[in-house]
Amino acid sequence: MVSWGILGTAQIALDKVAPAILATPGARLAGLASRSGDKAAEWLEKMRQQSGQELADTKVYTSYAALLDDPAIDAVYIPLPNSLHCEWTIKAAQAKKHVLCEKPLACSAEEARLMIDTCRQAGVLLMEGFMYQFSPQYDRVRELLAQDRIGEPMLLKAAFSYILDNRNDIRYSRALGGGSLMDVGCYCIHGVRTLFGEEPISVSAYERHDEHIDTSYLGILAFPGGKMALIDASFSMTARQSIEIVGTKGVILIDQPFIADTKPTVLTIGPTLGFSDTSSFTKEVIPAASTYQLEIAAFSQAVAECKVLPIDPEDGYRNMRVIGAVAEAARTKRTVQLVGS
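This one's a predicted model, so the numbers in the text were calculated from it and none came from an experiment.

Novice: Got a minute to help me understand helix 6 (residues 137-146) in this structure?
Specialist: An α-helical turn contains 3.6 residues, so any two residues separated by three or four positions project in the same direction. The set of residues buried in helix 6 consists of Gln137, Tyr138, Arg140, Val141 and Leu144. Buried residues in helix 6, looked at end-on, bunch into an arc of 155°, giving them a common side. Looking at the packing, one finds that the buried side of helix 6 touches helix 7 (180-196), strand 11 (236-247), strand 12 (251-254), strand 13 (265-270) and strand 14 (282-286). Aspartate 148 sits one or two positions beyond helix 6 and adopts a positive phi of about 65°.

Laid out in structure tokens, this is it:
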């Protein structure tokens, strides 16, 4: 049984990750750390109501350090603001706790490198919380690509946006590592890298600002072999998410590539797009699955069985390198070359 602790009372922990821990065999919600006793009590009461469980064994800590000092805690989930990911991952590793850190892993590639190296030296596991990649729809997409259904993938288009009106939200704070690139753009970059299975060799990008924080990004990523990706991310445009994979013989459309844990997802596969009768397309419905629970289950199993994680923490470093390059390209209005690892 893996005993989990959560650092902070973030909404995503309440709505998604804590319920996933409670629903996962072999995992238990052992502790919650908050600098506010009132917030912790309120959080636990909401969790009791949502889960129908008493949570009598869930301990409340009045500091993050106190939770890390408890030998009863095996692993921690870190949903803190992006600017705190590096600090508390390192402190967790020094306390010999395994770490599931919310995306993006860090605020820079340099921070990610330090986090990964520290966890490796401490002998603890570290994984970035891109829960979407555990969705069973990606197993099917990989099968379709292996079957040559659309030929060689040459272009990927990834979009993720929504309206964020609350200017007091931490995602509007540069000091806390906010901005649309770090919030939703990181998904798009991670998605195209994962599907191509390669790293981009250069990037160009454009951004829109509001009150000193980026609210929208458009990025063009060049990959080896003439492959390309287009990403667009925003929290000032209407809610939408999609991935389009364009190959030499066909197209795959993913309607819920990133948030896909509450209803079935649909894959649309066809030889053309907009040039033939839609009857030539095939639609495949993938049953709904809790990507957060699949993520917690995979991490817990790796901890309990001393196994290698399904997602290499080095992937977090590589994603941060591309995020940094996109930000630099937009800032300098120049194409940024990416070389080496």
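Novice: What should I look at first to understand the sheet that holds strand 8 (residues 202-210) in this one?
Specialist: Across the sheet, nine strands lie side by side as 14-13-12-11-7-10-9-8-15; this open sheet has mixed pairing. Since the sheet does not close on itself, it has two edges, and those belong to strand 14 and strand 15 (336-337), each with one partner. In this structure, strand 12 lies alongside strand 13, joined through four bridges in antiparallel fashion. Following the sheet pairing, isoleucine 252 is matched in strand 13 by isoleucine 269. Packed on one face of the sheet, helix 7 meets strand 7 (153-163), strand 9 (213-222), strand 10 (228-234) and strand 11 and runs near 160° to strand 7. Contacts between helix 9 (residues 314-332) and the sheet are confined to strand 8, strand 9 and strand 15, with strand 8 contributing the most and set at about 65° to the helix.

Novice: For this particular structure, what's the right way to read the sheet that holds strand 6 (residues 126-129)?
Specialist: Strand order in the open sheet made by the six strands is 3-2-1-4-5-6, with parallel pairing throughout. In the strand order of this sheet, the two ends are held by strand 3 (59-61) and strand 6, each with one partner. Going from strand to strand, the sheet's axes swing by 25° on average, the running direction of each strand aside. Both strand 1 (residues 2-7) and strand 4 (residues 75-78) contribute to a ladder of three bridges, which runs parallel. Residue pairing for strand 4: glycine 5 is matched across the bridge by valine 76.

Novice: What is the right way to read the pattern of salt bridges from this model?
Specialist: Between side chains of opposite charge, pairing is possible as soon as their charged atoms come close. Applying the stated criterion across every chain, the model contains 25 salt bridges. The shortest N-O distance in the salt bridge between aspartate 169 and arginine 171 comes to 2.8 Å. Shared partners join several salt bridges into a network, and the residues in it are Lys103, Asp169, Arg171 and Asp183.

Thresholds applied
Residues numbered from 1 in each chain as written. Predicted model: local features only at pLDDT ≥ 70, side-chain atom pairs only at ≥ 80, totals over all residues. Heavy atoms only, no water. Buried < 20%, exposed > 50% of the residue type's maximum accessible area, 1.4 Å probe, protein only. Helix = DSSP H or I, 4+ residues; strand = E, 2+ residues; numbered from the N terminus. Arc of directions from axis to C-beta. Contact = heavy atoms within 4.5 Å. Pairing = 2+ DSSP bridges. Axes fitted to C-alpha atoms, helices over the stretch in contact; angles between N-to-C directions. Salt bridge = Lys/Arg side-chain N within 4 Å of Asp/Glu carboxyl O.

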